[in-house]
Amino acid sequence: MPAPLVLVSNRGPVTFADDGTFRRGTGGLVTALIGLATHREIAWIASAMTDGDLAMADRHGGRPFPVTTAEGHQYLVKLVASDPDAYDHFYNIIANPMLWFIQHYLWDLSNAPDIRRHETEAFEFGYNVVNEDLARAALAEVQDTDHPIVMVHDYHLYTLPGLIRRARPDVFLHHFVHIPWSQSDSWRVLPSFIREEIYRGILSNDIIGFHTWSYRRNFLQCCEDLLGLDVDHDGGVVRVDDREVWVRHYPLPIDPDAIVAVAARPRVAEFEAELLRRRREHLILRVDRADLSKNILRGFSAFDVFLEQHPEFREKITFIAQLMPSRTDVPEYAEYLERIEAVVAIVNHRHGSPDWMPIQLKLRDDLEEAVAAYKHYDVLMVNAMFDGMNLVAKEGPMVNERNGVSILSENTGAHEELGEHALSVNPFDIQELADSIHAALTMPQAERANRLAGLQANIRSRHPGQWIDEQLADIERKRAGASRP
């Protein structure tokens, strides 16, 4: 019988409305972990984030309760309520933007951040409080179990593993970080005591996982540079106190058959019909959250340069940008969304005509509408400044029917797997991106077909079940006493 498995993340698999109905949570983390939930019996612990979540947590007395998905999978969910002010400080001051900005290199250090008592108290009385709340919930789930496994997820919960380790040294702790791990100098933004607490917390795990080899390398170097720890770079081992922490990389696949199934839905066909009715000769597509890390403004600027330098494409091309508003309660994000809308207006005014709008901006989160566009793009633009993985880069090619070409930032996690068959770009080089748009649109059909086939083969080479199996296998190997990953 497998050891009990407890997942802990900030965002849960479902979000409840006031009437008790629920919808699936958004984002790559939820997509990845739902695969794990269907692979193994688990209890999933997460923060209660809506009034509906709070009501469900209260209704079940803070205990786990079963949730059945539309696909018929069932797992236990335990929603944890934190003090609203503590949660606000945890999420809106420390996790986002502080840690997110550090790990995506987003701070303009000449101007921000300014760290004062407000920020240090937000860490102590916000970030740590929510981590403590979720740690207590996890410990309650494993209190009657010998040698349980707790799998912790993402940057919201860096101090939680240390709390569990101190209370229950026998718990096996595995932590997967879904966003980039930046280089050591970027972490010097944080006051030394916060940095030390974060690193000591995550190093309380037995295994730490990242999407890519480069993030693994950065983490190991940080442990050496910032904490002076003994690090085996080749073996991926950090020696801390009397323990050895394994540091691994597990690239996250998508389920190709699942996205193909979505593409066959009737509602996708309705969106397709409308898209094809309005479609010009060429279509560029991007599907993203409206996050600063996604580099949306430079993408539009490159399209502006492309139209200026290649006027023969005017009125023959449309750039559809389907963007999900993100973290609009964080001032930097609200301002970014305003800048996106402003740049779109400028480009459309500069190049458009009475019956042609170069950029079509859609501010909404609709998977079926996005998949309809996936099927018909000529160019898929993924030009993130830095990105943990980027699942759009894997979803789009799986259903595209037009030998679409992928333009892929070299700083996305997906680039390690897909860069060979995409047009690789420096996300800060607007001219290179404009040139890549032109190269993609004028590429011979045989090369387009070969590139798409290469992308599809790479994407199909690994399944979400393998991502899960690799992690569970490492857990069992380390529990059995293996000395190296």
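Residues numbered from 1 in each chain as written. Predicted model: local features only at pLDDT ≥ 70, side-chain atom pairs only at ≥ 80, totals over all residues. Heavy atoms only, no water.

Chemist: What is the right way to look at the packing of helix α4 (residues 117-141) against helix α5 (residues 160-167) in this model?
Modeler: The relative placement of two packed helices comes down to the angle between their axes together with the axis-to-axis distance. Relative to each other, α4 and α5 sit at 40 degrees, their axes nearing to 9 Å. In this view, α4 runs oblique relative to α5, as classed from their interaxial angle. Of the two elements, α4 crosses α5, and the hand of that crossing is right-handed. Along the contact surface, α4 presents Asn131, Glu132, Leu134, Ala135, Ala138 and Leu139, while α5 presents Leu160, Leu163, Ile164 and Ala167. (Axes fitted to C-alpha atoms, helices over the stretch in contact; angles between N-to-C directions. Helix = DSSP H or I, 4+ residues; strand = E, 2+ residues; numbered from the N terminus. Parallel < 35°, antiparallel > 145°, perpendicular 65-115°, else oblique. Left-handed = near helix turned anticlockwise from the far one by under 90°. Contact = heavy atoms within 4.5 Å.)

Chemist: Honestly, the environment of Gly419 in this entry has me stumped. Any pointers?
Modeler: As for its placement among the helices and strands, Gly419 is situated in the loop between α14 (415-418) and β18 (423-425). Taking C-alpha positions, Gly419 is 9.2 Å from Ser406, a pair spaced 13 residues apart along the chain.

Chemist: Just checking my understanding: could you explain the side chain of Gln103 for this structure?
Modeler: Position of Gln103 among the secondary structure elements: in helix α3 (residues 84-103). Within the local environment of Gln103, its side chain forms a polar contact with the backbone oxygen of Pro180, the two atoms lying 2.7 Å apart. In this structure, Gln103 is in contact with Tyr155, Tyr158, Val177, Ile179, Pro180, Trp181, Ser182 and Trp187, ignoring residues within four places of it in sequence. (Polar contact = N/O pair within 3.5 Å; in protein donor to acceptor, adjacent residues only side chain to side chain.)

Chemist: What is the right way to read the nonpolar core from this model?
Modeler: Generally speaking, nonpolar side chains in soluble globular proteins are found buried as a group. Within the largest apolar cluster, 99 residues are counted, with the highest numbers of intra-cluster contacts made by Tyr158, Trp181, Trp187, Tyr199, Leu203, Phe219 and Val238. Ranked by residues supplied to this core, first place goes to α3 with 11 residues. What Tyr158 contacts, discounting residues up to four positions off in sequence, is Leu99, Gln103, Tyr127, Asn131, His175, Val177, Trp181, Trp187, Ile198, Gly201 and Ile202. Val14, Ile207, Ala263 and Val399 belong to the second largest nonpolar core, which has 61 residues in total. (Core = buried A, V, L, I, M, F, W, Y, C linked by side-chain atoms within 4.5 Å. Buried < 20%, exposed > 50% of the residue type's maximum accessible area, 1.4 Å probe, protein only.)

Chemist: Mind showing me how you'd approach a negative patch on the surface here?
Modeler: Taken together, Asp83, Asp85, Asp88 and Asp329 make up a surface patch of like negative charges. Tracing the backbone through its elements, the reader meets Asp85 in helix α3. Exposure remark for Asp85: the relative accessible area of 54% places this residue in the exposed category. (Patch = residues over 30% accessible without salt bridge, like charges linked within 9 Å, V, L, I, M, F, W, Y side chains within 5 Å. Areas by Shrake-Rupley, 256 points an atom, 1.4 Å probe, with all protein chains shown as cover. Salt bridge = Lys/Arg side-chain N within 4 Å of Asp/Glu carboxyl O. Lys, Arg positive; Asp, Glu negative; His and termini not counted. Charge placed at Lys NZ, Arg CZ, Asp CG, Glu CD.)

Chemist: How should I be thinking about α4 in this particular structure?
Modeler: Each turn of an α-helix holds 3.6 residues, which means side chains three or four residues apart point in the same direction. Between the first and last C-alpha of α4 there are 35 Å, a value that for 25 residues agrees with the 36 Å anticipated at 1.5 Å per step. Bending of α4 peaks at approximately 35 degrees at the position of Phe123. (Expected span 1.5 Å × (residues − 1). Bend = angle between axes of the 7 residues up to and from the residue.)

Chemist: I keep staring at the environment of Val343 and nothing clicks. Help me out?
Modeler: Its location among the elements puts Val343 in helix α11 (residues 331-351). Measuring from C-alpha to C-alpha, the distance between Val343 and Phe172 comes to 49 Å, with 171 residues separating the pair along the chain. The contact partners of Val343, leaving out residues within four places of it in the chain, are Leu297 and Phe300.

Chemist: I'm lost on the pattern of salt bridges in this one. Help?
Modeler: Side chains that differ in charge, positive against negative, can pair when their charged atoms come close. A complete count under the given rule lists 32 salt bridges for this structure. Asp291 is the partner of Arg289 in a salt bridge, and the nearest nitrogen-oxygen pair spans 3.2 Å. Assessed through its relative accessible area of 23%, Arg289 is described here as partly exposed. In this structure, Asp378 engages Arg448 in a salt bridge whose closest nitrogen and oxygen atoms are separated by 3.6 Å. Residue Asp378 is located in the loop between α12 (367-374) and β16 (379-382), and its partner Arg448 is located in helix α16 (residues 445-460); the two are separated by 70 residues in the primary sequence. For the residue pair Asp378 and Arg448, the accessibility class agrees, reading buried in each case. A network of salt bridges, in which partner residues are shared, links Arg265, Arg267, Asp366 and Glu368.

Chemist: In this structure, what is going on with the pairing of strand β9 (residues 207-210)? I would like to understand it.
Modeler: For a regular strand, side-chain orientation follows a simple rule: the groups alternate between the two sheet faces. Side chains Ile207 and Gly209 of β9 all project onto a buried face; the interleaved residues Ile208 and Phe210 project onto the opposite face, where all are buried too. As defined by bridge partners, strand β8 (residues 172-176) adjoins β9 across 3 bridges and the pair is classed as parallel. If you follow Phe176 over to β9, its bridge partner there is Gly209. With helix α6 (residues 192-202) bridging β8 and the parallel β9, this β-α-β connection has right-handed handedness. Sheet analysis places β9 next to strand β12 (residues 243-249), joined by 4 bridges and oriented parallel. From the neighbouring strand, Ile208 faces β12, where its bridge partner is Val247. (Pairing = 2+ DSSP bridges. Right-handed = clockwise from strand over helix to strand, strands pointing away.)

Geometric descriptors of this kind do not, in isolation, establish any biological role.
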